Amino acid sequence: MNKVILVGRLTRDPDIRYTQGENQMAVARFTLAVDRRFSRRQDNNEQQTADFISCVAFQKTAEFAEKYLHQGTKVVLEGRIQTGSYTNKDGQKVYTTDVVAENVEFAESKAAAGGGNGGNYSGYSRNTGSSQPAPRQEQPSGISDGFMNIPDGVEDEGLPFN
C-alpha cells in the first residue's frame, strides 16, 4: 500500500502550469515544510527540524491549490509517493521523488492563520468536488465552545444519549 498523510505549511505559492493539447490539465507543484516529531538539541537549545517535501497535484486538486493555497498555508495532504527519473541536459540521469496529492484540506481556520476575518475553512476538502469552501454556519446562541447549554429544569429522560 502506498499512502502518505502529511501536515505542513507551504514554503511558497504553488507553481501552476497547464498541459498542452486538446484536454488541458492543471498541474500544481509546491513544497510542504513538515515538522519532525522530535527536535534537535544544539548548545542546550531546542531546535525544531523540518523536512521539505516536494508535492505535485493534478486536475481539480491542482485548481484548488491555485485558487486557495498560498505561502504559509497549513494543510493536511493525503496522497502517494511516486518516483521517477529523467536525463538532464548534461546527459546525467536524475532521480525524483514526489508526493502526488490526492486530497488536500485546510489544517486551520483563516483566523488561526492570521487571516483576520474569522472565516473557518478548516474541514473543507478539495476532494468533495465543490469549487467553493463550505459555507460558514452560524452557531445558535448559547453555543460558545462547541457545547450547547442545557437550561436548568430539563429532564434527562428526554436526552438521546441517556
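Residues numbered from 1 in each chain as written. Predicted model: local features only at pLDDT ≥ 70, side-chain atom pairs only at ≥ 80, totals over all residues. Heavy atoms only, no water.

What to know about the pattern of salt bridges
Oppositely charged side chains may form a pair once their charged atoms are brought near each other. Note the threshold: We define a salt bridge as a side-chain nitrogen of Lys or Arg found within 4 Å of a carboxyl oxygen belonging to Asp or Glu. Strands are runs of DSSP state E lasting at least two residues, helices are runs of H or I lasting at least four, and both sets are numbered from the N terminus onward. Working definition: with a 1.4 Å probe on protein chains only, accessible area under 20% of the residue-type maximum means buried, over 50% means exposed, and in between means partly exposed.
Taken as a whole and judged by the stated rule, the model has six salt bridges. For R9, the salt bridge identified is with E108, shortest N-O distance 2.9 Å. Residue R9 is located in strand β1 (residues 4-10), and its partner E108 is located in the segment after β6 (93-106); the two are separated by 99 residues in the primary sequence. What makes E108 buried here is its relative accessible area of 16%. We note a salt bridge from D15 to R17, for which the minimum N-O separation is 3.2 Å. Owing to a relative accessible area of 34%, D15 belongs among the partly exposed residues under this scheme. Relative accessible area serves as the criterion here: at 56%, R17 is assigned to the exposed category.

Here's the deal with unusual backbone geometry
Located in the positive-phi region is Q59, a residue other than glycine, with phi close to 50°. Note that Q59 resides in helix α1 (residues 59-68). For Q59, a relative accessible area of 48% corresponds to the partly exposed category.

Examining α1
As a reminder, the rule being used: Comment: arc refers to directions from the helix axis out to C-beta atoms.
Where α1 is concerned, the buried positions are T61, A62, F64, A65 and Y68. Along the long axis of α1, the arc covered by the buried residues comes to 155°, so they all point the same way.

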